[in-house]
Amino acid sequence: MPEAVPPAPAAILAAMPITLTINGRERRLSVEPWVTLLDLLREREDLTGTKKGCDHGQCGACTVLVDGRRINSCLKLAVSLDGASITTIEGLADGSRLDPLQQAFMDHDAFQCGYCTPGQICSAKGLLNENQAPTRQEVQELMSGNLCRCGAYTNIVDAIMEVLEARGEARAASAEAAR
Amino acid sequence: MNPFSFTRPTTVPDALRAVVRPGGRFLAGGTNLIDLMKENVERPSALVDINRLGLDAIEDLPGGGLRLGALATNADTARDARVAKRYPLLASAILAGASPQLRNAATNGGNLNQRTRCYYFYDNTTACNKRNPGTGCGAIGGVNRIHAILGASASCIATHPSDMCVALAVLNATIRVTGPQGEREIPFGEYHRLPGDTPQRDNTLHPGELVTAIDLPAEDFSAHHTYLKLRDRLSYAFALVSVAVALRMEGDRIAEARIALGGVAHKPWRVPDAEQALAGQPASAESFARAADLLLRGAQGQGHNDFKIGLAHRAIRRALRQAAAGTPQSQTDKRVA
Ligand SMILES: Cc1cc2nc3c(=O)[nH]c(=O)nc-3n(C[C@H](O)[C@H](O)[C@H](O)COP(=O)(O)OP(=O)(O)OC[C@H]3O[C@@H](n4cnc5c(N)ncnc54)[C@H](O)[C@@H]3O)c2cc1C
Ligand code: SF4
Ligand code: FES
Ligand code: FES
């Protein structure tokens with residue numbers, strides 16, 4: 001049997017229709033395949049809270065939640081997320097009531113210039129969703145995907161520990177960090 | 001990024017058909033491919049998104065093994081209760097790599113197929129036989145701190161950067177692939193290759209073939225194993241040298257030893273002689289040193305990376321000690337156990 005002839009290449013410059021739920025709002029968008037989620041959020045949706053630090057997965061400034069899981073939005077093509085639900089820093093507060101992480105970051109001075117902060121907070125949100133980091137040491141390791149040029153690390157961990165404690169999920173010391 | 005067409009097939013046959021176009025590439029988590037496309041190192045004309053093929057399950061195999069779907073994420077794999085219990089070495093190696101965000105996106109198939117982190121490979125303005133065959137190798141005689149000490153060639157001294165693959169090598173995994181010529185299985189040790197004079201080929205996958213799963217055999221090394229990774233900072237950095245060890249102990253004696261090195265060669269490095277030399281031996285400083293000698297036989301530095309030889313020797317001995325004692329390296333507590 002002759003091999004099936006591959007279908008003609010889709011016209012290359014065509015934008016594709018996708019649907020994303022961004023911070024709870026359903027958005028029907030037309031997006032070229034090479035647009036990253038980060039560029040879509042910042043340039044087309046005007047959600048500039050999410051930052052571009054390195055654009056190569058090396059800093060974590062672009063961290064957002066996709067279906068509740070934290071990823072680097074700079075390395076994700078928007079078209080590959082069709083149907084997904086995205087949460088950015090703009091979507092964390094409930095009206096004027098800040099997310100407990102946002103409040104804790106303020107209470108603990110967990111930033112200086114603030115550039116890494118949206119990524120830090122979204123990453124911390126993802127960390128809480130993962131339910132894997134009850135100790136300070138584990139929080140440190142599992143926040144290592146977010147760099148801070150200002151070196152606010154100690155206060156960032158303090159802020160996250162406070163939220164964990166408020167949720168009753170913190171453990172004092174890593175008795176035996178098995179992993 | 002250069003323009004490309006994008007398709008999102010939902011069946012494997014459709015994905016195989018879609019990728020045969022010249023310049024077609026599979027897109028999994030995108031954490032390596034998109035990065036390289038931004039650098040114009042990869043310039044696919046057609047991307048085939050393989051995330052909706054239903055290949056993301058982790059399933060028990062009859063007889064006690066485990067099948068890891070190629071599209072299961074690194075995070076889901078490391079956190080899977082069966083992986084954590086039966087293959088803790090694999091979970092540990094995955095958790096030693098990249099960052100939580102990257103592991104949430106990165107897939108098992110993508111991890112196997114990730115490209116080298118050689119600086120010259122990433123820099124389109126320099127000579128690189130892997131990126132542009134025949135142009136030469138910028139790293140030989142250049143900046144080569146991260147490069148290979150074993151198995152390198154006059155064409156290429158790059159290393160394979162994966163942590164997960166070092167554990168898979170020790171666990172004798174099998175790679176399941178499907179392609180235009182049908183399905184086949186590749187023993188892990190035959191998947192990645194040495195550069196020789198064709199460094200553009202990282203592995204033995206044929207053009208157009210898709211990795212569908214990674215099978216782990218029904219073997220239990222959970223009592224004596226370790227993944228020890230040494231790097232320039234404690235987290236979120238590639239290995240300079242890493243060591244995966246799995247031992248079967250009978251009392252104080254080693255009944256079976258498996259050791260693989262990461263960060264030192266174009267593929268995870270195993271040496272049957274070194275493993276055999278440990279079989280039947282007591283777990284002792286002498287037997288460990290002998291194994292390290294055999295693993296590093298023929299090791300050669302390139303200048304900046306000469307330190308890796310001594311570092312690897314010490315890391316091998318330390319990892320063997322950790323595994324024999326049943327005290328695997330924690331990936332959270334950064335003190336070397
Ligand atoms: C900043 C940074 C730090 C990192 N640190 C580490 C580290 O410390 N340790 C480590 O091990 N890794 C590290 N990584 C690499 C990371 O693990 C890989 O990028 C990831 O595993 C690739 O998986 P992916 O699904 O995103 O692959 P993709 O980027 O989607 O694909 C990579 C390649 O594999 C091919 N491919 C993907 N799936 C298949 C398949 N099923 N069949 C055939 N071909 C396929 C693609 O065509 C492409 O060529 C790091 C990455 C970054 C960006
Ligand atoms: S070591 Fe290999 S990848 Fe690096 S420049 Fe030389 S040929 Fe290219
Ligand atoms: S901008 Fe995405 S990780 Fe730096
Ligand atoms: S607060 Fe400035 S980079 Fe983190």
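What counts as what
- Residues numbered from 1 in each chain as written.
- Chains lettered and ligands numbered in written order.
- Predicted model: local features only at pLDDT ≥ 70, side-chain atom pairs only at ≥ 80, totals over all residues.
- Heavy atoms only, no water.
- Helix = DSSP H or I, 4+ residues; strand = E, 2+ residues; numbered from the N terminus.
- Buried < 20%, exposed > 50% of the residue type's maximum accessible area, 1.4 Å probe, protein only.
- UniProt positions renumbered as here; feature names shortened; annotations may be inferred.
- Contact = heavy atoms within 4.5 Å.
- Buried area = accessible area lost by both parts, 1.4 Å probe.
- Salt bridge = Lys/Arg side-chain N within 4 Å of Asp/Glu carboxyl O.
- Nonpolar A, V, L, I, M, F, W, Y, C, P; charged D, E, K, R; others polar.
- Arc of directions from axis to C-beta.
- Polar contact = N/O pair within 3.5 Å; in protein donor to acceptor, adjacent residues only side chain to side chain.
- Near = heavy atom within 4 Å.
- Areas by Shrake-Rupley, 256 points an atom, 1.4 Å probe, with all protein chains shown as cover.
- Patch = residues over 30% accessible without salt bridge, like charges linked within 9 Å, V, L, I, M, F, W, Y side chains within 5 Å.
- Lys, Arg positive; Asp, Glu negative; His and termini not counted.
- Charge placed at Lys NZ, Arg CZ, Asp CG, Glu CD.
- Pairing = 2+ DSSP bridges.
- Axes fitted to C-alpha atoms, helices over the stretch in contact; angles between N-to-C directions.

A. The arrangement of unusual backbone geometry in detail. Of note, the phi angle at Asn23 of chain A is positive, near 50°, even though the residue is not glycine. Mapped onto the elements of the fold, Asn23 of chain A is located in the loop between β1 (16-22) and β2 (25-31). Backbone geometry at Asn40 of chain B places phi at a positive 60°, although glycine is not the residue there. Inspection of the secondary structure puts Asn40 of chain B in the loop between α2 (33-38) and β3 (46-49). Overall, Asn40 of chain B belongs to the partly exposed group, its relative accessible area being 28%.

B. Local environment of the UniProt feature "domain: FAD-binding PCMH-type" (unreviewed entry) in chain B. The positions that UniProt labels "domain: FAD-binding PCMH-type" (unreviewed entry) are, in the present scheme, residues 1-221 of chain B. Helix makes up 25% of residues 1-221 of chain B and strand 17%, whereas the separation of the span's terminal C-alpha atoms amounts to 44 Å.

C. Summary view of the interface of chain A and chain B. With 44 residues of chain A at the contact, the number on the chain B side is 43 residues. Summed over both sides, the interface of chain A with chain B buries roughly 3,700 Å², with 54% coming from carbon and sulfur. Taken together, the links from chain A to chain B amount to four salt bridges. Elements supplying a minimum of two residues to the side of chain A that touches chain B: β4 (69-72), α3 (117-130) and α4 (136-142) of chain A. In the side of chain A that touches chain B, the residues fall into 21 nonpolar, 14 polar and nine charged.

D. Structural context of helix α2 (residues 100-107) of chain A. Residue and element names in this part refer to chain A. Of all the residues in α2, the buried ones are Leu101, Gln102, Ala104 and Phe105. The buried side chains of α2 occupy one side of the element, clustering within an arc of 165° when seen end-on. Those residues of α2 that are exposed and angled more than 90 degrees off the buried face are Pro100 and Asp107. You can read the cap of α2 off the contacts: a side-chain oxygen lies 2.9 Å from the backbone nitrogen of Leu101, and it is on Asp99.

E. View of the site of ligand 2. Lining the immediate surroundings of ligand 2 are 15 residues, of which Cys118, Cys128, Cys137, Cys156 and Ile157 of chain B lie closest. In terms of residue class, the shell around ligand 2 is built from ten nonpolar, four polar and one charged.

F. Representation of the site of ligand 1 in the model. Residues and elements named next belong to chain B. By nearness alone, 36 residues border ligand 1, and Phe26, Thr31, Leu33, Thr107 and Asp163 come closest of all. Thr31 is positioned with one of its side-chain polar atoms (N or O) 2.7 Å from an oxygen atom of ligand 1. About the coverage of ligand 1: the protein hides 97% of its 990 Å² of free accessible area. For the shell around ligand 1, the secondary-structure elements that each account for two or more residues are β2 (24-27), α7 (108-112) and β8 (210-216). Counting residues per element, the shell around ligand 1 draws most heavily on α7, at three residues.

G. A look at a positive patch on the surface. Together, Arg314, Arg317, Arg318 and Arg321 of chain B give the surface a local cluster of positive charge. For Arg321 of chain B, the position within the fold is in helix α12 (residues 307-325).

H. Focus on the sheet that holds β8 of chain B. All names here are of chain B. As summarised here, the arrangement of the five strands in space is β4-β5-β8-β6-β7, forming an open sheet in which the pairing is antiparallel. Edge strands, defined here as strands with exactly one partner in the open sheet, are β4 (58-60) and β7 (182-187). Neighbour-to-neighbour, the strand axes of the sheet open up by a mean angle of 25°, direction not taken into account.

I. The arrangement of the pattern of salt bridges in detail. Residue and element names in this part refer to chain B. Summed over the entire model, instances satisfying the criterion amount to 37 salt bridges over all chains. Salt-bridge contacts for Glu183 lead to Arg176; the nearest nitrogen and oxygen are separated by 3.7 Å. Judged by relative accessible area, which is 64%, Glu183 ranks as exposed. What makes Arg176 buried here is its relative accessible area of 17%.

J. Local environment of the side chain of Asn74 of chain B. Residues and elements named next belong to chain B. Its place among the elements puts Asn74 in helix α3 (residues 74-79). Given the relative accessible area of 4%, Asn74 is considered buried. There is a polar contact of 3.0 Å between the side chain of Asn74 and the side chain of Asn108. Ignoring any residue separated from it by four or fewer positions in sequence, one finds Asn74 in contact with Ile94, Arg103, Ala106, Thr107, Asn108, Asn111 and Met164.

K. Molecular detail of the environment of Val143 of chain B. Residues and elements named next belong to chain B. With respect to the secondary-structure elements, Val143 resides in the loop between α8 (119-122) and α9 (164-170). Residue Val143 is classed as partly exposed on the basis of its relative accessible area of 42%. Val143 sits 134 residues away from Pro9 along the chain, and the two C-alpha atoms are 42 Å apart. If near-sequence neighbours (up to four positions away) are discounted, Val143 is found in contact with Tyr119, Tyr120 and His304.

L. Local environment of the sheet that holds β4 of chain A. Residues and elements named next belong to chain A. Taken in spatial order, the five strands line up as β2-β1-β5-β3-β4 in an open sheet, and their pairing is mixed. Pairing within the sheet leaves two strands with one partner each, and these edge strands are β2 and β4. Geometrically, the sheet is characterised by an average inter-axis angle of 40° between neighbouring strands, direction not taken into account. Here strand β3 (residues 63-66) runs beside β4; their pairing, made up of four bridges, is antiparallel. If you follow Val66 over to β4, its bridge partner there is Arg69. Contacts from helix α1 (residues 37-44) reach β1, β2, β3 and β5 (85-87) within the one sheet, and its direction differs from that of β2 by about 105°.

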